[in-house]
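Overview (structure and organization)
Residue strings, one per chain:
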Amino acid sequence: MKLTRLLTSVAVATGLFAGSASAEDMRIALVAKALGIGFFEAAAKGAEEAASELGDVEIIYTGPTDTTAEGQIEVINSLIAQNVDAIAVSANDTDALVPTLKKAMQRGITVISWDSGVAEEGRQMHLNPSSNPLIGNMIIKLAADHLPDGGEVAVLSATTTSTNQNIWIEEMNKAMENYPGIEVVATVYGDDLADKSYREATGLMQSYPDLDAIIAPTSVGIVAAAQAVVDAGKVGEVNVTGLGLPSEMAGAIESGASQSFAIWNPIDLGYSATMIAYHLAKGDATAEPGASIPMGRMGEVTLDDTTSGAMADPFVYDAANIADFKDIF
Amino acid sequence: MSLLKSREAILVAAILLLLAGVASRFPGFITPRNLVAVFTDTAPLVILALGQMVVILTRSIDLSVAANLALTGMVCALINVSFPGVPVAVLIALALGLGALMGAINGFFVWKLSIPPIVVTLGTMTIFRGVIFLLTNGSWVNSHQMSMAFKSFPREAILGLPVLGWVAVIVTLGLGLVMSRTTLGRAFFAVGGNPHASVYTGINVGRTQFLAFVISGMLAGLTGYLWVARYAVAYVDIAGGFELDVVAACVIGGVSIAGGVATVAGAVLGALFLGIIKNALPVIDVSPFWQLAISGAAIIIAVTFNSRAGRSKGRVILKSAEHAQ
């Protein structure tokens with residue numbers, strides 16, 4: 001209890017200092033699923049870019065040290081104590097953050113979610129990097145494009161509770177009718193750990209000797225699966241694809257374990273989330289169904305009935321363009 | 001001795017039963033090639049469990065092994081990126097040294113400041129992970145940045161077994177010698193069995209615990225390089241939560257959490273048991289929702305067996321001490 005009180009007072013004190021240091025600036029907090037993940041680090045870069053474009057914005061990039069909802073709740077509580085102007089969060093859990101974020105909104109803080117969403121009552125709007133149906137279709141298309149005669153594919157996901165991974169897999173299953181001859185034989189979970197993902201990928205290749213592709217819609221999983229394919233000597237037989245970052249996947253493209261993969265640009269995503277949070281907090285845009293909110297150089301996002309909107313289409317990376325992007329993010 | 005034998009015999013039987021069970025669902029699992037793969041996959045767990053065994057034996061616990069592994073692995077990866085010419089042998093020496101240093105930090109606090117080991121290592125666990133953040137700002141080291149020699153060392157096969165597996169074999173044999181043939185090995189048993197009595201026999205309890213932490217840290221550091229090279233990626237969270245697997249392997253292997261009772265063979269078998277479960281679950285098509293529950297149940301069942309076998313542990317220590325002489 002004492003510790004909590006101490007932490008709260010430290011947080012408040014930090015808030016006061018930060019407030020007095022730059023009273024004019026609007027403070028927007030970008031909350032990652034966890035610190036230390038390349039994707040979110042890149043998003044933070046985009047947020048800084050937006051901040052320097054806007055001029056009067058200070059970015060607080062933060063997040064828990066592991067991907068738990070509890071960790072994010074602590075972080076958000078401390079942001080509320082610091083009285084920031086806006087919170088843009090990529091959630092570890094759809095529902096768990098809602099009570100805390102409601103409290104934030106009651107204090108007049110603008111709350112949006114991006115990348116991985118929060119339930120409707122816990123945020124003003126949600127920015128999807130792309131539309132979920134589009135991503136679901138893309139991940140199966142990436143596999144199907146290299147299997148003209150059809151074949152067996154398996155999915156290696158993150159944890160069983162990852163909001164966005166589950167939605168993408170659901171959307172992928174809906175799109176299956178467009179890809180006759182492609183059969184999804186299994187869905188396994190690597191928990192976003194390299195060693196478990198590696199073992200699961202190895203297990204897939206053993207259980208399904210005719211496996212043609214592993215689809216991993218998660219960055220730790222796709223890298224581990226590619227390594228497992230190389231170690232099993234199945235380069236050319238099993239194609240690893242899904243969603244990953246160019247810097248992390250460059251080796252897999254080089255080795256041939258992966259023909260292609262897709263991702264939206266996380267820099268653009270952090271940039272857009274910041275722009276949206278800025279306009280909502282400023283009051284020159286409102287988050288309601290049908291509304292359009294400007295996102296600077298990324299154009300405008302149009303909100304649907306659930307007040308969520310899509311930023312752009314996912315982008316495909318392969319041997320032809322990987323070199324241009326691997327040093328960026 | 002017969003009691004010790006039976007404890008390991010139970011584990012061997014459990015492992016064979018497990019393999020038979022898996023093979024009935026998926027025959028390919030017990031082909032020699034796959035068993036080699038499973039052993040190689042379990043090698044890091046074996047190495048770390050052996051280090052942890054020494055620490056637990058002296059009535060301590062080292063929760064910082066996975067964080068030590070992650071930090072050492074990251075440092076090795078960063079050196080490889082900046083200076084690709086540094087030979088692997090030098091990196092391994094460095095990993096051993098850095099790991100030992102982190103173990104020594106743990107050991108120092110336990111020895112000189114008498115802070116409970118669980119508190120010290122809980123703290124250093126977080127500090128070590130934090131240092132990785134400081135070193136990298138959270139960014140990854142990816143496979144295309146690592147040199148070929150760096151990545152290929154653990155997977156180079158000698159007589160059909162990858163180097164990673166051989167390292168586990170060598171560590172097992174080496175530690176087996178230390179525990180059974182040296183005064184230090186005997187001191188570990190004595191300190192854990194009865195610290196007060198061992199003081200009167202001229203053993204420095206704190207120093208012995210310190211050395212246990214150094215051994216554990218050194219092995220964690222070694223595993224750090226091997227881990228990063230094998231999975232060809234280094235990031236803050238590698239081996240997250242792995243320290244619990246390591247402790248579980250020890251407990252399954254009959255290492256008494258109260259100290260004083262442990263065997264090298266037990267720790268190795270405990271790690272293998274856990275490793276086989278981890279490798280088998282993905283291939284026998286068990287729902288991921290059940291996997292955690294099954295792993296946990298296996299641990300509890302194994303521990304139940306062990307606690308029944310370990311009733312008269314006082315006599316066991318004396319006997320093993322006699323044999324060490």
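- As named in an unreviewed UniProt entry, chain B is Putative-binding-protein-dependent transport system permease, taken from Celeribacter indicus.
- In UniProt, chain B has this text filed under Subcellular location (unreviewed entry): "Cell membrane".

- Going by the annotation in an unreviewed UniProt entry, the name recorded for chain A is Rhamnose ABC transporter periplasmic rhamnose-binding protein RhaS, with Celeribacter indicus given as the source organism.
- In its Sequence similarities (unreviewed entry) section, the UniProt entry covering chain A states "Belongs to the bacterial solute-binding protein 2 family."
- According to UniProt, the comment filed for chain A under the heading Subcellular location (unreviewed entry) is "Periplasm".

1. Some words on the nonpolar core
- In terms of nonpolar packing, the biggest core is built from 187 residues, with Leu127 of chain A together with Met53 of chain B touching the most fellow members.
- Filtering out sequence-adjacent residues up to four positions away, methionine 53 of chain B remains in contact with Leu175, Met179, Cys250, Val255, Ala262, Thr263, Val264 and Ala267 of chain B.
- Judged by nonpolar contacts, the second largest core, of 19 residues, contains Ala29, Ile76, Ile87 and Ala91 of chain A.

2. Considering the domain arrangement of chain A
All names here are of chain A.
- We note that the domain assignment places domain 1 (26–129 + 266–312) and domain 2 (132–263) within chain A.
- For domain 1 versus domain 2, the separation of C-alpha centres amounts to 29 Å.
- Between domain 1 and domain 2, the contact holds nine residues from the first and seven residues from the second.
- Both sides together, the interface formed by domain 1 and domain 2 hides about 690 Å², and carbon and sulfur atoms give 49% of it.
- Taken together, the links from domain 1 to domain 2 amount to zero salt bridges.

3. A short note on the pattern of salt bridges
Residues and elements named next belong to chain A.
- Throughout the structure, instances matching the rule amount to 12 salt bridges over all chains.
- Note that arginine 297 is salt-bridged to glutamate 49, the shortest N-O span being 2.8 Å. Taken as a pair, arginine 297 in the loop between strand S11 (292–294) and strand S12 (300–302) and glutamate 49 in helix H2 (residues 38–54) lie far apart in primary sequence, 248 residues in all.
- On the basis of relative accessible area, arginine 297 is assigned to the partly exposed category, the value being 42%.
- Classification of glutamate 49 by relative accessible area gives partly exposed; the value is 28%.
- Lysine 174 is the salt-bridge partner of glutamate 171, the closest N and O atoms lying 3.3 Å from each other. Of this pair, glutamate 171 and lysine 174 both sit in helix H6 (residues 163–175), three residues apart, which is roughly one turn of the helix.
- Lysine 174 gets classed as exposed once you look at its relative accessible area, which sits at 52%.

4. Topic: the sheet that holds strand S9 (residues 239–242) of chain A
All names here are of chain A.
- With respect to topology, four strands assemble into an open sheet ordered S7-S6-S8-S9, the strand pairing being parallel. Looking at which strands have only one partner, the edges of the open sheet turn out to be strand S7 (182–189) and S9. Here the strands of the sheet are splayed against their neighbours by 25° on average, with no regard to which way each runs.
- Sheet analysis places strand S8 (residues 211–216) next to S9, joined by four bridges and oriented parallel. Bridged to alanine 216 within S9 is glycine 242.
- Sheet strands touched by H6: strand S6 (151–157), S7 and S8. Its angle to S6, the strand with the most contacts, is close to 160°.
- Those strands touched by helix H8 (residues 219–231) are S6, S8 and S9, and its axis lies near 175° from that of S9.

The rules behind the values
- Residues numbered from 1 in each chain as written.
- Chains lettered and ligands numbered in written order.
- Predicted model: local features only at pLDDT ≥ 70, side-chain atom pairs only at ≥ 80, totals over all residues.
- Heavy atoms only, no water.
- UniProt positions renumbered as here; feature names shortened; annotations may be inferred.
- Core = buried A, V, L, I, M, F, W, Y, C linked by side-chain atoms within 4.5 Å.
- Buried < 20%, exposed > 50% of the residue type's maximum accessible area, 1.4 Å probe, protein only.
- Contact = heavy atoms within 4.5 Å.
- Domains from an automatic or database assignment.
- Buried area = accessible area lost by both parts, 1.4 Å probe.
- Salt bridge = Lys/Arg side-chain N within 4 Å of Asp/Glu carboxyl O.
- Helix = DSSP H or I, 4+ residues; strand = E, 2+ residues; numbered from the N terminus.
- Pairing = 2+ DSSP bridges.
- Axes fitted to C-alpha atoms, helices over the stretch in contact; angles between N-to-C directions.

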